[in-house]
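One-letter residues, chain by chain:
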Amino acid sequence: MARLAVSAKELVKWFGEGEARTMAVRGVSFDAHFGEMLYIEGPSGSGKTTLLSMISGILRPNSGTVIVEDKEIWKLSTDQIADFRLNTVGFVFQDYHLFPKLTTVENVAIPLILKKLDWNESLATALQDLEIVGIRDRAYLTPVKLSGGEQQRVAIARALASRPDIMIFDEPTASLDGDTGRRIVDFVKKNVLNENRCIIIVTHDSRIFEYADRIMRMEDGKIMGVEKGGLYAE
Amino acid sequence: MKGILKIAYKLLVNDKGKFAALLVGITFAVFLIVMMTSMFAGILHKSSSTVTNIGAKVWVMDPAVNTVASSIPMPDYVIDAVRSINGVKYAVGLYSGGALVKLRSGVYQSVTVIGLDDASLYGRPELIEGQIEDIFAENAFIVVKDAEFPKLGNPGLGTEFELNDHRGIIVGIAKVTTSGLFGVPTLYTTYKRAIQYIPSTRYTTSYIMVEPKSSDTVPYIKQQVAALGYEALTKDEFNRKVANFYKYQTGVGTNVLLMTVISFIVGLSISGQTFYTFILENLDKFGALKAIGAKGKELVSMILFQAAFTALTGYGLGVGLASLLIAVAKLRLPSYAAEITYTNLGFAFVMVLIIAGISSYVGVRKVIKIEPFDIFRG
């Protein structure tokens, strides 16, 4: 059995108060393991992004616990949670959120700079990460000059830069065509996932389901089922 | 430079349009503030030029005097009364008045005539040509070589002119610390000749200049002069009195204050709005940084750095531009009354800090409130 990366217990999250209260996540529990690519799938409004935010230290749950590498993250202080996100989690946002006025390599270096690494050292490491994702030749261009697929790779390189144990992808193929989306996820599966890393992907793009080790289906804030499967699943 | 600040710097300067707009706003505000306050400082400085140039430690005058030029004649026996006050080393009269001279070319020119005490020539200017003793020669005048000097046709030693049907002759050319405010040349002569050539109330004097035995005696001298119904002011007090008159009784001060406030508001509007737009446009990026692991204080430091960098750059440009304009103006108009002082620069600096502070406050509030979850939600 692979080591436990994330353990969520009875997570509850609602927004608003009184009559306006909306339940987003209703008592969700699940585990994710190192070496695993776990998908959270479901229709819009099913609570998958809320769940992702709670397990990555971005959104505090109303109740329940999240244990990541034996640490209960929501018992940490605000600054400690920020450090947790910086050191343990790598984010690939749906819209990438790259800085258009910085070069590609500078964008990738941001987590390292936040970790107080020297500027030149950060850029050197970022170049290596761009090499990993195969766009080192684009290092000194600004993101707006890159294609959607290349921007996605920059976002992956940025998430990789801090060498996180857990990587979170939010709708990674939403802005890409089918082929590019599949190529990106295939690349992630082959080159980014390893036995010391857990990748959690929120998606409702069935074209990439084949790469999942497990697919957790959500609906109305609850887990409706977990499937094993995908090309690489044992 | 810390890496996070380098990112802030690059985000700022690489957004050339916004950065230029921010700089224009602050530079423009600083330029106007420095220009306004410099002109005001120049006016105040020049308005007290006679006080500065004569250099007497204590001045006795009618209490109603507001400026050096608008002297109110005092009976000349007041000189003797002042001389008899304990603590007065010596006291002499000074004539200060306006006159019209007719140049050899036939042109009439207004002048300020300063009549120095015949016995001591107290308050005499430093000569760059001629001998001071020549002031006792017949019809002798000393001309001040300042910005107004050409208005007398650039006179040399021996140049003649006419003053109230009296012949005048230049026997010396002097330099002074400050030229006057009203753009007229200055002539020095003896007290007796001044009151002889320029009709004025008989047996009167414009000012009495007092040399106290020591600075400790000044309060007593002032008290005794007040008992006579007149006012004794030290050089600095007289300068302040003149300055206060221009500041509070002429409208010049109010106008300058209004212009300065308007400059501040214009600068604040342009910079504040542009900076706010800049922050809004990058808000999702700041949110992404927060999600990645940036702490609130790091984001605040980025915004403060951007605001401070823009403010200081704009301040430098604004001061440079104002200095350049004043320098060029003085080349073309030597009597141009503008003077950049440390007080002006400090004032403009404080204004810029306030602009930067208010602009960044709005940005900081936005960035602190942004939740990384909003970035996920899109």
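Residues numbered from 1 in each chain as written. Chains lettered and ligands numbered in written order. Predicted model: local features only at pLDDT ≥ 70, side-chain atom pairs only at ≥ 80, totals over all residues. Heavy atoms only, no water.

**Student:** Explain the overall build of chain A to me, using residue names and the numbers behind them.
**Tutor:** When you go through chain A residue by residue, the secondary structure sums to six helices and 10 strands. In summary, chain A has a C-alpha radius of gyration of 17 Å against a globular reference of 17 Å for 234 residues, a match within 12%. Seen through its C-alpha atoms, chain A measures out along the principal axes to roughly 50 × 40 × 40 Å. Residue burial in chain A is summarised as follows: out of 234 residues, 58% are buried. Long-range pairs, those at least 24 residues apart, make up 68% of the contacts in chain A between residues at least 6 apart in sequence. Accessible surface computed for chain A: about 9,800 Å², of which carbon and sulfur atoms make up 47%. One way to put it: in chain A the 29 positive side-chain charges average out to a point 1 Å from where the 33 negative ones average out. (Helix = DSSP H or I, 4+ residues; strand = E, 2+ residues; numbered from the N terminus. Rg over C-alpha atoms; globule rule 2.2 N^0.38 Å. Buried < 20%, exposed > 50% of the residue type's maximum accessible area, 1.4 Å probe, protein only. Contact = heavy atoms within 4.5 Å. Areas by Shrake-Rupley, 256 points an atom, 1.4 Å probe, with all protein chains shown as cover. Lys, Arg positive; Asp, Glu negative; His and termini not counted. Charge placed at Lys NZ, Arg CZ, Asp CG, Glu CD.)

**Student:** Could you give an account of the interface of chain B and chain A, with specific residues and numbers?
**Tutor:** Taken together, the contact pairs 25 residues of chain B with 31 residues of chain A. Between chain B and chain A, a total of about 2,700 Å² is buried, with carbon and sulfur atoms accounting for 72% of that surface. Between chain B and chain A we count four salt bridges in total. With its nearest N and O atoms 2.6 Å apart, the salt bridge here joins B:Glu298 to A:Lys116. For the pair chain B and chain A, the number of links is eight residue pairs in polar contact (both at pLDDT 80 or more). Taken together, the elements giving at least two residues each to the side of chain B that touches chain A come down to helix H1 (3-14), helix H9 (283-292), helix H10 (296-332) and helix H12 (372-377) of chain B. Broken down by class, the residue content of the side of chain B that touches chain A amounts to 12 nonpolar, three polar and 10 charged. (Buried area = accessible area lost by both parts, 1.4 Å probe. Salt bridge = Lys/Arg side-chain N within 4 Å of Asp/Glu carboxyl O. Polar contact = N/O pair within 3.5 Å; in protein donor to acceptor, adjacent residues only side chain to side chain. Nonpolar A, V, L, I, M, F, W, Y, C, P; charged D, E, K, R; others polar.)

**Student:** Would you mind going over the side chain of B:Asp146 in detail, with residue names and values included?
**Tutor:** Of note, B:Asp146 is situated in the loop between strand S6 (140-144) and strand S7 (160-163). Within the structure, B:Asp146 has its side chain in polar contact with the backbone nitrogen of B:Glu148 (distance 3.0 Å).

**Student:** For the pairing of strand S7 (residues 166-170) of chain A, give the residues involved together with the corresponding values.
**Tutor:** Residues and elements named next belong to chain A. Within S7, five of the five residues are buried, which leaves the element mostly enclosed by the surrounding structure. Here S7 shows two buried faces, one formed by Ile166, Ile168 and Asp170 and the other by Met167 and Phe169. As paired strands, S7 and strand S8 (residues 198-203) are joined by five bridges and run parallel to one another. In the strand pairing of S8, phenylalanine 169 is matched with isoleucine 201. In this fold, the crossover linking S7 to S8 by way of helix H6 (residues 178-192) has right-handed handedness. (Pairing = 2+ DSSP bridges. Right-handed = clockwise from strand over helix to strand, strands pointing away.)

**Student:** Run through the nonpolar core, naming residues and quoting values.
**Tutor:** By size, the foremost hydrophobic cluster in this structure holds 137 residues, and its most contacted members are A:Tyr39 and A:Leu51. In terms of residues, this core owes the most to one element, H10(B), which gives 12 residues. Setting aside residues no more than four positions away along its own chain, A:Tyr39 makes contact with A:Val185, A:Ile201, A:Thr203, A:Ile208, A:Phe209, A:Tyr211, A:Ala212, A:Arg214, A:Ile215 and A:Met216. Membership of the second largest hydrophobic core comes to 33 residues, among which are B:Val65, B:Tyr122, B:Phe238 and B:Ala243. (Core = buried A, V, L, I, M, F, W, Y, C linked by side-chain atoms within 4.5 Å.)

**Student:** Now, about the pairing of S7(B): what can you tell me, with residues and values included?
**Tutor:** All names here are of chain B. What you see with S7 is a clean split: Phe161 and Leu163 sit on the buried side and Glu160 and Glu162 on the side with no burial. Sheet topology note: the S7/strand S8 (residues 166-175) ladder contains four bridges and is antiparallel. Considered in S8, the bridge of leucine 163 is made with histidine 166. Between S7 and S8, which pair antiparallel one after the other, the connecting turn spans two residues, and asparagine 164 there sits at a positive phi close to 50 degrees.

**Student:** Lay out the packing of aromatic side chains with the relevant residues and their values.
**Tutor:** The final tally for this structure, using the stated rule, is 15 aromatic pairs over all chains. Centre to centre, the rings of B:Tyr207 and B:Phe238 are 5.8 Å apart; their planes meet at 55 degrees, and the pair counts as tilted. Taken together, the positions of B:Tyr207 in strand S11 (residues 207-212) and B:Phe238 in helix H7 (residues 235-248) put the pair 31 residues apart, joining distant regions of the chain. Look at B:Tyr315 and B:Phe349: their rings are 5.2 Å apart centre to centre, the planes differ by 75 degrees, and that puts the pair in the edge-to-face class. Linking B:Tyr315 in helix H10 with B:Phe349 in helix H11 (residues 342-369), this pair joins segments that are 34 residues apart in sequence. The exposure class of B:Phe349 is partly exposed, given its relative accessible area of 29%. Grouped by ring-pair contacts, the aromatic residues B:Tyr9, B:Phe19, B:Phe305 and B:Phe309 constitute a single cluster. Positioned above the aromatic ring of A:Trp14, the side-chain terminus of A:Arg21 is 4.0 Å from the ring centre. We note A:Arg153 situated over the ring of A:Phe187; from NZ or CZ to the ring centre the distance is 5.1 Å. (Phe/Tyr/Trp six-rings, centres within 6.5 Å; stacked < 30°, edge-to-face > 60°. Lys NZ or Arg CZ within 6 Å of the ring centre and 35° of its normal.)

**Student:** Can you tell me about the layout of surface pockets, naming the residues and giving the values?
**Tutor:** Leftover empty space is mapped by rolling, across the atoms, a probe with the size of a water molecule. Residues and elements named next belong to chain B. Estimates place the volume of the largest pocket at around 600 Å³. Phe40, Ala41, Leu44, Lys247 and Asn344 are the residues nearest the centre of the largest pocket, which is lined by 22 residues in total. Among the elements of the structure, helix H2 (16-47), H7, helix H8 (252-281) and H11 are those that each provide at least two residues to the lining of the largest pocket. Partitioned by chemical class, the residues of the lining of the largest pocket number eight nonpolar, 11 polar and three charged. (1 Å grid on protein atoms, 1.4 Å probe; cavity = no way out; pocket = protein on both sides within 12 Å on 5 of 7 lines; lining within 4 Å. Points joined across faces, edges and corners; volume = space filled by probe spheres on them.)

**Student:** With reference to specific residues and values, describe the sheet that holds strand S9 (residues 214-219) of chain A.
**Tutor:** Residue and element names in this part refer to chain A. Judged by pairing direction, the sheet is mixed, and its six strands sit side by side in the order S6-S7-S8-S3-S9-S10 without closing on themselves. Unpaired on one side and paired on the other, strand S6 (89-92) and strand S10 (222-228) mark the two borders of the sheet. Each adjacent strand pair in this sheet contributes to an overall mean axis angle of 20 degrees, direction not counted. Strands S6 and S7 of the sheet are contacted by helix H2 (residues 78-88), whose axis makes an angle of about 75 degrees with S6. Each of strand S3 (37-41), S7 and S8 touches H6; the most contacted strand, S3, lies at about 145 degrees to it. (Axes fitted to C-alpha atoms, helices over the stretch in contact; angles between N-to-C directions.)

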